[in-house]
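Now for the letters of each chain:
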Amino acid sequence: PVATVVQTLSVNTYSKAVKFFTMGGRDFLAVANGADFLDIYRSNGITFTPFQQIDANTVSAIEVFTIGDDTYLCIANSKDLSNPTSYFNIDSNLYVFNTDTNSFDFFQAFPTMAVTDVKAVTHTLAIDGSDATFLVFTNYRLIGLDIENYETSSDVYVWGTSTRRFQLLQELTTKGGIAIESFESEGALYVVLGSQANYFSTFSVITPKTLNVNSQVFEYNEFQAQFNPVSSIANTGGLTDLSIATSNNKIFLIASLGIGLNTNTDELEFTGTKVVVYEWGNPAKSFFFNQEISATAISSVVAYENSAQSSNFFMVSATQNLAYNYHQVGTSEEYFLDTQVPLSTSANALDVANI
């Protein structure tokens, strides 16, 4: 199969997020546009046309989900470039679709710190059969006066059925939290929080201390009403993205390791050269190494299923204006290169949709 360009949307610098979603039988595309806006496009069946523009601040992630009959749009604002004294300390915002005005209206704000990702997770509780909806943010690092510890927490919120608002449930420690994924196994809910780097300060200059950090897997305990750590994924430093794939009743975690530490400048840069595939194991409640794929400067990864083929796919984007498409065939657990997709420019984010 050959991928072809069907439409190009113009965006500005700092555009690092894109989200496809369906609402009311129509297809939509939310795209971060520069440092100041989020643009929403609606499909007319042929092309995507402008639908709504929302003020935003360097959007790092977009999430769309439903609770009951309502559709919510969450925008993770990573930094406010107009406020140089504390531009990482900025709220991320939740919007709800208003059927009367045919637009997304502001609904709730969440304090975030250099936020990198947001995911909504709905899980049916075994206790009473009700649905619990969680909203998870990964905060990258603490920006403040604490020169000893630049780790920060990633926050989990839970939907209050009586208050009809999200309330803080738990703070989970991460080291350069960069990505969130979730899955269910044997009736239990698990959340993976990917970490990228541990930071420290030397003469008031904040730099990455090490990329030798682990990502964590948490299991939701219904009786305690909290997430508990159950395992870790070693040496995920340099992580840029995570994605979950299911195939032949097995669960795979695909991790793109596209960041390296420049020892001359103490800065992070796109130097990583691999994608690592892990397979979930019960009863160990842990991911085990499955496969390593050579790649160059990976920025994003997304897993998807192609209903037209009996294959499980994932796609990664690289800085050389290419996206690489990999797939499993039949009962094989190994991924093989399927196609290379040329891009007009280096992609910061990917999403896949069946239309």
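As shown above, the structure is provided for reference.
Residues numbered from 1 in each chain as written. Predicted model: local features only at pLDDT ≥ 70, side-chain atom pairs only at ≥ 80, totals over all residues. Heavy atoms only, no water.

J.: Would you mind going over the nonpolar core in detail, with residue names and values included?
T.: The biggest cluster of nonpolar side chains holds 25 residues, and the ones touching the most others in it are Phe-183, Val-192, Leu-253 and Phe-287. Looking at this core, the element that brings in the most residues is strand β20 (residues 250-257), giving four residues. Among all residues touching Leu-253, those that are not within four sequence positions of it are Val-192, Ile-233, Leu-242, Ser-243, Ile-244, Val-276, Val-277, Tyr-278 and Phe-287. One finds Phe-28, Ile-40, Ala-56 and Ile-75 within the second-largest nonpolar core, a separate group that totals 19 residues. (Core = buried A, V, L, I, M, F, W, Y, C linked by side-chain atoms within 4.5 Å. Buried < 20%, exposed > 50% of the residue type's maximum accessible area, 1.4 Å probe, protein only. Helix = DSSP H or I, 4+ residues; strand = E, 2+ residues; numbered from the N terminus. Contact = heavy atoms within 4.5 Å.)

J.: Describe the sheet that holds strand β23 (residues 274-281), naming the residues involved and giving the relevant values.
T.: Strands sit in the order β19-β20-β23-β24 across an open sheet of four strands; the sheet is antiparallel. Taken across any chain shown, the strands that pair with only one partner, and hence form the sheet edges, are β19 (239-247) and β24 (286-294). Going across the sheet, the axis of each strand differs from the next one's by a mean of 25°, ignoring polarity. By the bridge criterion, six bridges tie β20 to β23 in an arrangement that is antiparallel. Opposite Ile-254, over in β23, you have Val-277 as the bridge partner. (Pairing = 2+ DSSP bridges. Axes fitted to C-alpha atoms, helices over the stretch in contact; angles between N-to-C directions.)

J.: Now, about the side chain of Thr-116: what can you tell me, with residues and values included?
T.: Structurally, the position occupied by Thr-116 is in strand β9 (residues 115-124). Among the residues examined, Thr-116 registers a relative accessible area of 16% and is labelled buried. At 2.9 Å, the side chain of Thr-116 and the side chain of Thr-138 are in polar contact. Polar contacts involving the side chain of Thr-116 include one to the main-chain carbonyl oxygen of Gly-177, which spans 2.7 Å. (Polar contact = N/O pair within 3.5 Å; in protein donor to acceptor, adjacent residues only side chain to side chain.)

J.: Go over the pattern of salt bridges with me, naming the residues and quoting the values.
T.: Applying the stated criterion across every chain yields a total of seven salt bridges. Lys-250 is the partner of Glu-279 in a salt bridge, and the nearest nitrogen-oxygen pair spans 3.9 Å. With Glu-279 in strand β23 and Lys-250 in strand β20, the pair connects residues that are 29 residues apart, well separated along the chain. For Glu-279, a relative accessible area of 17% translates into the label buried. The network of salt bridges with common partners includes Lys-250, Glu-279 and Glu-333. (Salt bridge = Lys/Arg side-chain N within 4 Å of Asp/Glu carboxyl O.)

J.: Lay out the pairing of β24 in plain terms, naming residues and giving numbers.
T.: In this structure, β23 lies alongside β24, joined through eight bridges in antiparallel fashion. Pairing of Trp-280 across the sheet is with Phe-287, part of β24. Hairpin connection, β23 to β24: the antiparallel pair is bridged by four residues, and Lys-285 has positive phi, about 55°.

J.: Tell me about the packing of aromatic side chains, and name the residues and values.
T.: Tallying each qualifying case throughout the model produces 25 aromatic pairs. Each ring, one from Tyr-72 and one from Phe-107, has its centre 5.3 Å from the other, and the planes form 70°; the classification is edge-to-face. Placement of Tyr-72 in strand β6 (residues 70-77) and of Phe-107 in strand β8 (residues 103-113) is noted, with a sequence separation of 35 residues between them. The burial state of Tyr-72 is the same as that of Phe-107; both residues are buried. With a centroid separation of 6.0 Å and an interplanar angle of 85°, the aromatic rings of Tyr-95 and Phe-106 are classed as edge-to-face. (Phe/Tyr/Trp six-rings, centres within 6.5 Å; stacked < 30°, edge-to-face > 60°.)

J.: I'd love a proper account of the sheet that holds strand β18 (residues 226-233), names of residues and values included.
T.: On the basis of which strands lie adjacent, the open sheet formed by four strands has the order β13-β14-β17-β18 and antiparallel pairing. Two strands bound the open sheet, and with one partner strand each, they are β13 (177-185) and β18. Strand-to-strand, the axes of this sheet are offset by a mean angle of 25°, without reference to chain direction.

J.: With reference to specific residues and values, describe the environment of Ala-323.
T.: Relative to the assigned elements, Ala-323 resides in strand β27 (residues 322-329). Once the C-alpha coordinates of Ala-323 and Val-341 are considered, the two residues, 18 residues apart in sequence, prove to be 4.9 Å apart. Setting aside anything within four residues of it in sequence, one finds Ala-323 in contact with Met-315, Val-316, Ser-317, Thr-339, Gln-340, Val-341 and Leu-343.

J.: Quick one: what's the story with the environment of Pro-50, residue by residue and with numbers?
T.: Tracing the backbone through its elements, the reader meets Pro-50 in strand β4 (residues 48-55). Looking at Pro-50, the relative accessible area reads 72%, which means it is exposed. Linking Pro-50 and Asp-39, residues 11 residues apart in sequence, is a C-alpha distance of 7.4 Å.

J.: Tell me about the side chain of Asp-80, residues and numbers included.
T.: Among the secondary structure elements, Asp-80 is positioned in the loop between β6 and β7 (89-98). The residues contacting Asp-80, other than those within four sequence positions of it, are Asn-57, Tyr-87 and Ile-90.

J.: Describe in detail the pairing of strand β17 (residues 215-221), supporting the description with residues and values.
T.: Extensive coverage of β17 is indicated by the burial of five of its seven residues. Examined bridge by bridge, strand β14 (residues 188-195) and β17 share four bridges and lie antiparallel to one another. In the strand pairing of β17, Leu-193 is matched with Gln-216. Sheet analysis places β17 next to β18, joined by seven bridges and oriented antiparallel. When the sheet's bridge partners are listed, Ser-215 is paired in β18 with Ile-233. Where β17 folds back onto β18 in an antiparallel hairpin, the turn is made up of four residues, including Ala-225, whose phi is positive at roughly 55°.

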